[in-house]
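# Architecture at a glance
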Amino acid sequence: PGPLDDVTILDGDQVSVDVTVTCLSLTIESNGDILANGFASLTVNTLVTFTVTGNINLTSIVAGGNSLIQTTLNSATSILNAQSDINFNALDGNETPTINIQNLSTLNISGNFNLNSSNSTTTFGLNSTVNYNGAGTQTIIATSYGRLQSSGAGARILGTTGTIIIKRNTTTCFTPGTNSYTITGSSMEFSGGGAQTIPAFNFNDLRVGSAGTKTFA
């Protein structure tokens, strides 16, 4: 595809991205039923950067369907750039729109995660990085991250529907950047099994999990 193309991956298609490319929007749509689950996927391969300038839409359109955008990476130079929103759409709890950012991969998101289904799933590997880099206001959703970063100029809101969990064992497991934050009602937990550094930050509710050493910067 080219930078002005809208890309749609339909039920039954498993697409791999082998070269660095940009498209205008991406829709991954499954239409499974209660007898046979649908499955549609996108895999971004090693040493590839895939950029979507518009929305990414993960959609299950009938009961029992699944939508999956899967980033399978074996190198830190493999990157998914989502320059607008990532929308999860499902009709009911039987469907599982999913984004899977595996180890040694990076997701740069400039918009927001819109989890329009209680069964929406975000899976971020222990050694993955999610970077909220938007110029506008972004909500950092309450989920489990490997490394969590913020860059860009926009304000950040820490999600309140659960706990923001940081798992990566590193001195830079959470890099809040210079953004302004709304923290009311939020909780953040550092749960790496190894050494983690907790940065200087105005936490609302700070928690420590697992046996790894925690050091305050």
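Now for a look at the structure at hand. (Residues numbered from 1 in each chain as written. Predicted model: local features only at pLDDT ≥ 70, side-chain atom pairs only at ≥ 80, totals over all residues. Heavy atoms only, no water.)

### As for the pattern of salt bridges
With the rule as written, the count across this model stands at 1 salt bridge. Asp205 is the salt-bridge partner of Arg207, the closest N and O atoms lying 2.9 Å from each other. For Arg207, a relative accessible area of 36% corresponds to the partly exposed category. (Salt bridge = Lys/Arg side-chain N within 4 Å of Asp/Glu carboxyl O. Buried < 20%, exposed > 50% of the residue type's maximum accessible area, 1.4 Å probe, protein only.)

### Looking at the nonpolar core
The biggest cluster of nonpolar side chains holds 43 residues, and the ones touching the most others in it are Phe50, Leu107, Phe113 and Tyr145. Setting aside residues up to four positions removed in sequence, Phe113 forms contacts with Ile86, Phe88, Ile99, Leu107, Phe124, Tyr132 and Ile141. (Core = buried A, V, L, I, M, F, W, Y, C linked by side-chain atoms within 4.5 Å. Contact = heavy atoms within 4.5 Å.)

### Quick notes on the pairing of strand E11 (residues 98–101)
Residues Thr98 and Asn100 line one face of E11 and the alternating positions Ile99 and Ile101 line the opposite face, and both faces are buried. Across 4 bridges, E11 lies against strand E14 (residues 121–124) in parallel orientation. Within E14, the residue paired with Thr98 across the bridge is Thr121. (Helix = DSSP H or I, 4+ residues; strand = E, 2+ residues; numbered from the N terminus. Pairing = 2+ DSSP bridges.)

### What to know about the sheet that holds strand E20 (residues 164–166)
Strand order in the open sheet formed by 4 strands is E17-E20-E23-E25, with parallel pairing between adjacent strands. Of all the strands in the sheet, just strand E17 (144–145) and strand E25 (206–208) have a single pairing partner and so form its edges. Two elements, strand E23 (residues 188–190) and E25, share 3 bridges in a ladder whose sense is parallel. In the sheet register, Glu189 faces E25, and the bridge partner there is Arg207.

### A few points about the packing of aromatic side chains
Using the criterion set out here, one finds 10 aromatic pairs in the structure. Taking 6.0 Å as the distance between ring centres and 85° as the angle between the ring planes, the aromatic pair formed by Phe190 and Phe203 counts as edge-to-face. Highlighted residues: Phe190 in strand E23 and Phe203 in the loop between strand E24 (196–198) and E25, separated in sequence by 13 residues. In this pair, the class of Phe190 matches that of Phe203, namely buried. Among the aromatic side chains, those forming a connected cluster through ring pairs are Phe88, Phe113, Phe124, Tyr132 and Tyr145. (Phe/Tyr/Trp six-rings, centres within 6.5 Å; stacked < 30°, edge-to-face > 60°.)

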